[in-house]
Each structure stands twice: as structure tokens, then as C-alpha cells.
Amino acid sequence: MNDVMIIQVSPLAEARLTEKLGDRPGYFKLFYDTDGCGCDGIAVLLILNEPDSDDVTVEAGSLPFVINKQQQIYFEPSLRLQSEHSFPSFRLSSDSMIYGSNVKVHDLRDTADVAPQPTGWFVR
């Protein structure tokens, strides 16, 4: 298996993700969430302070992307992340399938600094 995963990020998607990072450091984590979604699972993007020990780098242009090496099996090695002007979320696809046309971004960078809130997102 080729260990290098690539996400081609459209210019609009890159601008929106850069805006979500703001002036603070962070990493985008492609995450396949199966907790409480009532389905097989959904792709989400998490913003973390730093990668976890099991995360591997994803080539995504200038954006800092990672994925848990165990979760790579849920995705093809070459993906596209796109955004539309009229829609606030993202579309994640490959040549053979659509992983999500309503992929949300969840910023978890502040969760260590505040009292625990039920978020429904559990990064292992």
C-alpha cells in the first residue's frame, strides 16, 4: 500500500480552510466518524493543536493535513476537497466516489482549555 495520501484542495476550499485556522497554528485532520451518526460513517475535518502520535502527514499543498494511519483504509490515496461560494461546507471526493458533499469542519483547538462539553466527536 502506498503510504502517501494526497488531497487536491481547490483554491476556494484552501482560502476557506486558511480562514478557519485564523492566525493560530493548527492541523487539519481528515477523520472518519462513526460515533452516533446513525450511518456507516461520515468524513469530517477536525482542527487540532497538534497531530496525535498515530497520525501521518497528508500532502495537501500549503495546508497542514494529517490522518490517523488506521483510518487511511476508509479513503482512496488521492482525494479532492472542494467548496462552493454558496455553500458553507466542503465536498470530498475521489475519481471513483464521493465521500461527502456536506463535510463540516470542527475546531477542537480550544477543547483542552475549557470545561468538557459534550461534542459528539471523539478522536482516538
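Before going into details, it helps to say that this report is about the structure given with it.

Conventions and cut-offs
- Residues numbered from 1 in each chain as written.
- Predicted model: local features only at pLDDT ≥ 70, side-chain atom pairs only at ≥ 80, totals over all residues.
- Heavy atoms only, no water.
- Core = buried A, V, L, I, M, F, W, Y, C linked by side-chain atoms within 4.5 Å.
- Buried < 20%, exposed > 50% of the residue type's maximum accessible area, 1.4 Å probe, protein only.
- Helix = DSSP H or I, 4+ residues; strand = E, 2+ residues; numbered from the N terminus.
- Contact = heavy atoms within 4.5 Å.
- Pairing = 2+ DSSP bridges.
- Axes fitted to C-alpha atoms, helices over the stretch in contact; angles between N-to-C directions.
- Phe/Tyr/Trp six-rings, centres within 6.5 Å; stacked < 30°, edge-to-face > 60°.

### Overview of the nonpolar core
Turning to step 1, where the next piece is worked out: Ranked by internal contacts, the top residues of the largest apolar core, which has 25 residues, are Ile7, Leu17, Leu30, Phe65, Phe75, Leu81 and Leu92.
Turning to step 2, where the next piece is worked out: Mapped by element, the contributors of at least two residues to this core are strand 1 (5-9), helix 1 (11-21), strand 2 (27-33), strand 3 (42-48), strand 5 (65-68), strand 6 (78-84), strand 7 (87-93) and strand 8 (98-103).
Turning to step 3, where the next piece is worked out: Residues contacting phenylalanine 65, with those up to four places away along its chain left out, are Ile7, Leu17, Phe28, Leu45, Val56, Thr57, Val58, Ala60 and Leu81.
Turning to step 4, where the next piece is worked out: Core analysis: the next-biggest nonpolar cluster, separate from the first, contains five residues, Phe31, Leu46, Leu48 and Leu108 among them.

### Quick word on the environment of leucine 17
Turning to step 1, where the next piece is worked out: Here leucine 17 shows up in helix 1.
Turning to step 2, where the next piece is worked out: Along the primary structure leucine 17 and phenylalanine 28 are separated by eleven residues, whereas in three dimensions their C-alpha atoms are 8.6 Å apart.
Turning to step 3, where the next piece is worked out: Other than its neighbours up to four places away in sequence, leucine 17 contacts Val9, Phe28, Leu45, Leu63, Phe65, Leu81, Phe90 and Val105.

### Side note on the sheet that holds strand 6
Turning to step 1, where the next piece is worked out: The nine strands are arranged 8-7-6-1-4-5-2-3-9 in an open sheet whose pairing can be described as mixed. Only two strands of the sheet have a single neighbouring strand rather than two, namely strand 8 and strand 9 (105-107). Adjacent strand axes in the sheet meet at a mean angle of 30 degrees when their direction is disregarded.
Turning to step 2, where the next piece is worked out: Sheet topology places strand 4 (residues 55-59) next to strand 5; four bridges connect them, and they run antiparallel. Bridging across to strand 5, valine 56 finds its partner in isoleucine 67.

### Description of the packing of aromatic side chains
Turning to step 1, where the next piece is worked out: Tallied over the full model, the rule gives four aromatic pairs.
Turning to step 2, where the next piece is worked out: With a centroid separation of 5.4 Å and 25 degrees between ring planes, the pair formed by phenylalanine 28 and phenylalanine 65 is classed as stacked. Pair noted here: phenylalanine 28 is in strand 2 and phenylalanine 65 is in strand 5, with a separation of 37 residues, a long-range link.
Turning to step 3, where the next piece is worked out: Judged by its relative accessible area of 1%, phenylalanine 65 is buried.
Turning to step 4, where the next piece is worked out: Between tyrosine 32 and phenylalanine 75, the ring centres sit 6.0 Å apart and the planes meet at 85 degrees, which makes this aromatic pair edge-to-face. Pair noted here: tyrosine 32 is in strand 2 and phenylalanine 75 is in the loop between strand 5 and strand 6, with a separation of 43 residues, a long-range link.
Turning to step 5, where the next piece is worked out: Tyrosine 32 gets classed as buried once you look at its relative accessible area, which sits at 18%.
Turning to step 6, where the next piece is worked out: Ring pairing ties together the aromatic residues Tyr32, Tyr74, Phe75 and Tyr99, which thus form one cluster.

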